[in-house]
2 protein chains.
Amino acid sequence: MTDAIADTVRLSPGPVDLRAIESDAAPGFEGKKADGKAALAEMAAELADLQERLWAERTAGSERRVLLVLQGMDTSGKGGVLRHTVGLIDPQGVRITSFKAPTDVELQHDFLWRIEKGLPAAGYLGVFDRSHYEDVLIARVRGFAEPAEIERRYGAINDFEAKLVAEGTTLVKCMLHLSADEQKLRLQERLDNPEKHYKFNPGDLDERALWPAYREAYEIALERTNTEVAPWHVIPADKKWFRNLAVAQLLRGALRGLDLHWPAAEFDVEEQKRRLAHEAPLA
Amino acid sequence: MTDAIADTVRLSPGPVDLRAIESDAAPGFEGKKADGKAALAEMAAELADLQERLWAERTAGSERRVLLVLQGMDTSGKGGVLRHTVGLIDPQGVRITSFKAPTDVELQHDFLWRIEKGLPAAGYLGVFDRSHYEDVLIARVRGFAEPAEIERRYGAINDFEAKLVAEGTTLVKCMLHLSADEQKLRLQERLDNPEKHYKFNPGDLDERALWPAYREAYEIALERTNTEVAPWHVIPADKKWFRNLAVAQLLRGALRGLDLHWPAAEFDVEEQKRRLAHEAPLA
């Protein structure tokens, strides 16, 4: 299977106009919802194999790891990607870190301090549910930092990510691109369903009222941190099935790109087979 | 569906004789491998619903959480349970902690120090892949601690677990009960398959040679820590499908037992619906 979706959702260099990117499209995929769900299910075995190879390499001293960064407006489906795409992968090899509003202690440090602490170890697929990008998104929209500090952060992020890549991390940065109309529907659904009230709080509507400012903050952040070593992907997210499939294809592409091999045994296999075959009685 | 398996694998009080418990049985389940796999798949939706309720309660201040403790000899299938049973559950709500040989720093503290640090937060399903029980199992067999210290630990574990339960943790303790013959087959398979060599090291055969001592250490530990508030379950583990199904049923039983409810909204739902319906244009 080709990576047709991966190619189409990769963000081109230069200025970003999110209004020019369709949020309810399914670019690079020929098929409907049922086909998309089936295509995702069909990837499970290969994703499992690739993840196990990454894990196995670690036992032989490899420093490689993958970090999936999920960003998007409220209800854009970060949780759905975790459940349906990341959930396909052996949980032993996955580390999810969710970044909420920074704590008082975190605010006393540079914005990357808590991010460093959440990085995946070698052999892992790390997933950031929100990330250091909040520090140039909500921080910009809400004025949580001075303009000069926001300005500094774009470069700091690029330096930070370049260092991660140089150290063996493959970054997969995904912006889940939702329309304001679709968000409205999803918030209405949460309000209409008592089982989903726990996911809602009135502040969500205050954030929504700032939609144009968030779009602008995203456009600036995407443009300025869309580097060669750590490019952005803008994933149309109005269709949940496409969003899940697209992230899965990006993960698969990242793992395939590592050209992972099963490590050779560091012991004499035949000798161990003989030991086991000729062992003394155990009891 | 009843919890027939859960009832049969619960360890009775009193002395434990593992040789008297069949390791290749499927107690409490009428059916073959395909039926067992189907039964596990059928539980996915309910497990997902229960886990989301536990998670939702947390947002309303609940302190409840579940801790699955997995113990068993090498190849008994702790990893398989993580993949096939725990893997059914939304990874956002799961925290897996694997306990390897203690580090130098960990050895400078009481054996429960590192365990405390790995405990799940409220709302989570925590999973221990090996646990504080290693400190009365390998520690006893290999003499890593003085006999008096080992002796002290059984009581310390019971006190510790009673405190966890009192604080809102539901403990599900599972010993994956494998036969020595089945372990031999599984180790042979690892040696025969170059893709599994990374899972093997010659020390595994040294441990296997101590099988009777480990059995005795398990029997003592199971007997002495099989408390009313934190009972043990001995799960026949020669059949992988049964092992996975049994743990799933125990988890479901633990979650059902919490009688979890969706938290009521702490905001005026109708007011928020009106706000959303009558919002100002966003751009």
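Now for a description of the structure that goes with this document.

So, how was this worked out
Residues numbered from 1 in each chain as written. Chains lettered and ligands numbered in written order. Predicted model: local features only at pLDDT ≥ 70, side-chain atom pairs only at ≥ 80, totals over all residues. Heavy atoms only, no water. Helix = DSSP H or I, 4+ residues; strand = E, 2+ residues; numbered from the N terminus. Buried < 20%, exposed > 50% of the residue type's maximum accessible area, 1.4 Å probe, protein only. Contact = heavy atoms within 4.5 Å. Least-squares fit on C-alpha atoms with pLDDT ≥ 70 in both. Pairing = 2+ DSSP bridges. Axes fitted to C-alpha atoms, helices over the stretch in contact; angles between N-to-C directions. 1 Å grid on protein atoms, 1.4 Å probe; cavity = no way out; pocket = protein on both sides within 12 Å on 5 of 7 lines; lining within 4 Å. Points joined across faces, edges and corners; volume = space filled by probe spheres on them. Nonpolar A, V, L, I, M, F, W, Y, C, P; charged D, E, K, R; others polar. Buried area = accessible area lost by both parts, 1.4 Å probe. Salt bridge = Lys/Arg side-chain N within 4 Å of Asp/Glu carboxyl O. Polar contact = N/O pair within 3.5 Å; in protein donor to acceptor, adjacent residues only side chain to side chain.

1. Observations regarding the overall build of chain A
Per the secondary structure count, chain A includes 12 helices and 5 strands. Its C-alpha atoms give chain A principal-axis dimensions of roughly 75 × 45 × 40 Å. By the burial criterion, 53% of the 283 residues in chain A qualify as buried. Within chain A, counting contacts between residues at least 6 apart in sequence, those at least 24 apart form 83% of the total.

2. Quick notes on the relation of the copies chain B and chain A
Put simply, the two copies of the chain differ by a rotation about an axis and a shift along that axis. Once chain B has been moved 0.0 Å along the axis and rotated by 180°, it coincides with chain A to within an RMSD of 0.0 Å. Viewed as a symmetry operation, the transformation between the two copies matches a two-fold axis. Interface residue correspondence from chain B to chain A reaches 100%, placing this contact among same-surface, isologous pairings.

3. Some remarks on the pairing of strand β4 (residues 169–177) of chain A
All names here are of chain A. Here β4 lies mainly inside the structure; 8 of its 9 residues are buried. Examined bridge by bridge, strand β1 (residues 65–72) and β4 share 8 bridges and lie parallel to one another. Within β4, the residue paired with G72 across the bridge is L176. With 5 bridges joining them, β4 and strand β5 (residues 232–236) adopt parallel strand pairing. Each residue of the ladder has a partner; that of H177, found in β5, is P236.

4. What about the sheet that holds β1 of chain A?
All names here are of chain A. The parallel open sheet is built from 5 strands, whose spatial order is β2-β3-β1-β4-β5. Two strands bound the open sheet, and with one partner strand each, they are β2 (94–98) and β5. Shown here is a sheet whose adjacent strand axes are inclined to one another by a mean of 20°, direction ignored. On the sheet, helix α11 (residues 240–257) packs against β1, β3 (125–129), β4 and β5 and is oriented at approximately 155° with respect to β5.

5. Let's talk about empty space enclosed by the protein
Under the criterion given, the structure shown has 2 cavities of 30 Å³ or more. In terms of lining, the largest cavity is formed by Q51, L54, V66, I89, L125 and L255 of chain B. Considering only residue class, the lining of the largest cavity consists of 5 nonpolar, 1 polar and no charged. Here the second largest cavity is characterised by a volume of approximately 30 Å³. Around the second largest cavity, the lining residues are Q51, L54, V66, I89, L125 and L255 of chain A. Classifying every residue of the lining of the second largest cavity by side-chain character gives 5 nonpolar, 1 polar and no charged.

6. Quick notes on the interface of chain B and chain A
A common way to state how big an interface is: give the accessible area lost once the parts meet. Contacts between chain B and chain A engage 49 residues on the former and 49 residues on the latter. Here chain B meets chain A over a buried area of about 4,300 Å², counting both sides, of which 62% is carbon and sulfur. The largest share of the area that chain B buries against chain A comes from Y198, L276 and L282 of chain B, three residues that together contribute 17% of it. In this structure, R83 of chain B engages D90 of chain A in a salt bridge whose closest nitrogen and oxygen atoms are separated by 3.1 Å. For the interface between chain B and chain A, the tally reads 18 residue pairs in polar contact (both at pLDDT 80 or more). Contributions of two or more residues to the side of chain B that touches chain A are made by α2 (33–59), α3 (78–84), β2 (94–98), α8 (180–192), α9 (203–208), α10 (211–224) and α12 (269–277) of chain B.

Everything listed here is a matter of coordinates, which is why it stays silent on function.
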